[in-house]
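Residue-level structure breakdown
Below are the chains, spelled out letter by letter.
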Amino acid sequence: MSQPQTAITPTREQDFPEWYQQVVRAADLAENSDVRGCMVIKPWGYGIWENMQRALDGMFKATGHKNAYFPLFIPLSYLAKEAAHVEGFAKECAVVTHHRLESDGKGGLRPAPAAQLAEPLVIRPTSETIIGATYAKWVQSYRDLPILINQWANVVRWEMRPRVFLRTTEFLWQEGHTAHETEKEAREETMQMLRVYETFARDWLALPVFTGEKSAGERFPGAVQTLCIEAMVQDRKAIQAGTSHFLGQNFAKASDIKFISRENKHEHAWTTSWGVSTRLVGTILMAHADDDGAVLPPRVAPEHIVIIPITPKPEMRDAVLPACDALAAELRKQTFGGEPVRVHVDKRDLGGGVKSWEWIKKGVPVRVEIGMRDLEKGSVAVARRDRGHKDKTFPATADFTSGIAGLLQEIHDSLLDRATKLRDAHTVKIETKDEFIAFFTAKNPAKPEIHGGFAVAHWDGSAEVETEIKEQLKVTIRCIPFDAPLEDGKCVWSGRPSVRRVVFAKSY
RNA sequence: CGGGGCGUAGCUUAGCUUGGUAGAGCGCCUGGUUUGGGACCAGGAGGUCGCAGGUUCAAAUCCUGUCGCCCCGACCA
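Residues numbered from 1 in each chain as written. Chains lettered and ligands numbered in written order. Predicted model: local features only at pLDDT ≥ 70, side-chain atom pairs only at ≥ 80, totals over all residues. Heavy atoms only, no water.

Things to note about the confidence of the model for chain A
Averaged over all residues, the pLDDT of chain A is 92; the fraction at 70 or higher stands at 98%. The ipTM value of the predicted complex is 0.83, and its pTM value is 0.95. (pLDDT = per-residue confidence, 0-100.)

A look at the protein's contact with RNA strand B
Near RNA strand B, the surroundings consist of 41 residues, among which Arg161, Arg167, Lys361, Asp374 and His389 are the closest. Per the 4 Å cut-off to the protein, sugar and phosphate atoms form 40% of the nearby atoms of RNA strand B. Arg279 has a polar side-chain atom sitting 2.8 Å from a sugar or linking oxygen of RNA strand B. Listed by contribution, the elements that provide at least two residues to the surface near RNA strand B are α1 (16–26), α10 (352–362), β21 (366–370) and α11 (372–377). (Near = heavy atom within 4 Å. Polar contact = N/O pair within 3.5 Å; in protein donor to acceptor, adjacent residues only side chain to side chain. Helix = DSSP H or I, 4+ residues; strand = E, 2+ residues; numbered from the N terminus.)

Regarding the sheet that holds strand β4 (residues 73–75)
Judged by pairing direction, the sheet is antiparallel, and its three strands sit side by side in the order β4-β8-β5 without closing on themselves. The sheet is open, and its two borders are formed by β4 and β5 (95–98), each paired with just one other strand. The sheet shows a mean angle of 40 degrees between the axes of neighbouring strands, direction not considered. (Pairing = 2+ DSSP bridges. Axes fitted to C-alpha atoms, helices over the stretch in contact; angles between N-to-C directions.)

Here we look at the nonpolar core
Core analysis: the biggest nonpolar cluster contains 57 residues, and Tyr20, Met52 and Phe165 have the highest contact counts within it. Of all the secondary structure elements, the ones that give two or more residues to this core are α1, α2 (43–62), α6 (183–203), β12 (225–232), β13 (238–246), β16 (270–277), α8 (279–288) and β17 (305–309). Broken down by element, the residue count for this core peaks at eight residues, all from α2. Dropping the residues within four chain positions of it, Phe165 is found in contact with Tyr20, Val24, Leu29, Ala30, Met39, Ile41, Thr278, Arg279, Val281 and Gly282. (Core = buried A, V, L, I, M, F, W, Y, C linked by side-chain atoms within 4.5 Å. Buried < 20%, exposed > 50% of the residue type's maximum accessible area, 1.4 Å probe, protein only. Contact = heavy atoms within 4.5 Å.)

What about the packing of aromatic side chains?
Taken as a whole and assessed by the stated rule, the structure comprises 18 aromatic pairs. Taking 4.9 Å as the distance between ring centres and 35 degrees as the angle between the ring planes, the aromatic pair formed by Phe16 and Trp19 counts as tilted. Of this pair, Phe16 and Trp19 both sit in helix α1, three residues apart, which is roughly one turn of that helix. A residue is classified by how much of its surface remains accessible, and Trp19, at 0% relative accessible area, is buried. When the centroid spacing of 6.2 Å and the interplanar angle of 5 degrees are considered together, the rings of Phe246 and Trp270 count as stacked. (Phe/Tyr/Trp six-rings, centres within 6.5 Å; stacked < 30°, edge-to-face > 60°.)

Shown next as structure tokens:
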């Protein structure tokens, strides 16, 4: 039977959003549930998340944080305490109003009117308020600070338009919440955690990111300063992949986190919060996947290697299967990124081609085939997911085994390199308004082709310019990069004086 | 919430304009031949056509209502 040229249709070029959905489906990562906007994360997708969790959790612990868990429900009044925060989240909250159901007399159920809650409970869209209320009880003295806590949790934000992994109504994330004695300490914490995210993105996810500060317009509701990592994906849009907020004393005042200072004075604590979510799973797909499906960065791939026994005749199984198990056992003794190499032997009685394509679509970094010919020669057939699907090498088995960590690292490096080149090729300095508009305007408005990228341009710092650009072009300031040098220039939009360039892009 | 579109087997869908007992492909099951790149042959299971009401001798098809989903916009990790 004739097959399409690519495992995924449409291709990225033909229809990027649809391609993305097909990749998620073909890789068996997640599916839509019966609840709008909520997804079922399947084992392969959840395995990626677990690997991300494990790595991040280690990094949080290494920087002095502990895990804890706070309630899912937030009293309505808590959320109302911080004005900007309320405004930011009020329109996307799920609210619980009853605690019991009763028969509606028609075979169905309804909330029991008698069981209405005196105060409605909001399902956390984020936990600043409830954690703040808790910290207020914990903190009496400067000796109680800092508090360095992270929680792994689910949150709910009733977004208008969900997209699997990138923006689901319920999503999984971690949220770090810290409280400090001084502003300086809190600011250092904010920056430290952003650096953790940057490192994680680069060294685990093979994502080069821009790091910087959000403009006031893009800031987290209630924050004094929002730092972020921004990744570019293959349709050249930006994805905010992680954020770290310096909250000043805003939430401490709202939640009354006070302590007696070294000078015997009442002071409000300085707090931070920082998070990354299952959006990262969507981000690595959009960044690395190709027209044959997912391409997983080795460090977070649920399996590093899949071994496919090739047994054209049933009697060959007796020779080939033990050899596959033996190779798997040897490989598992190797380590990569500080963890044992993860290997799966696919013994299902299916055609070799069918199995190969399944694993290609799932994005396993390395595929190994072993048949009688390989046993005779003492070699294995090896294919890397970052190369063409017919591009195979035939190393001696022992060499392959001893070199596996190097190979996986090479794959990681090649993904990072590819992503960096894509980003750099579409990150351009723009000087004039006409150029700026042209850069962000598709040639075919009816069905926009992949266009644009990151525009590094001068901005006069005004909210009006930011708003106008957003309204006219759907382009936002992604970040004010830390490494942007101070230089005199003219705002690309208003022509007014500017002292530095910022990064503009369309975003998810 | 505005503007479009769609609900038929696990999935993708044909049939609807012009009413007449539900069709295909993929997937699934069984047997055989296969397996180093998405196999083939034969047989088989699976659908009260989203839901409720109406018109009619007769409704997937026409009418009314209702629920849900998808896409585009406003909103967003």
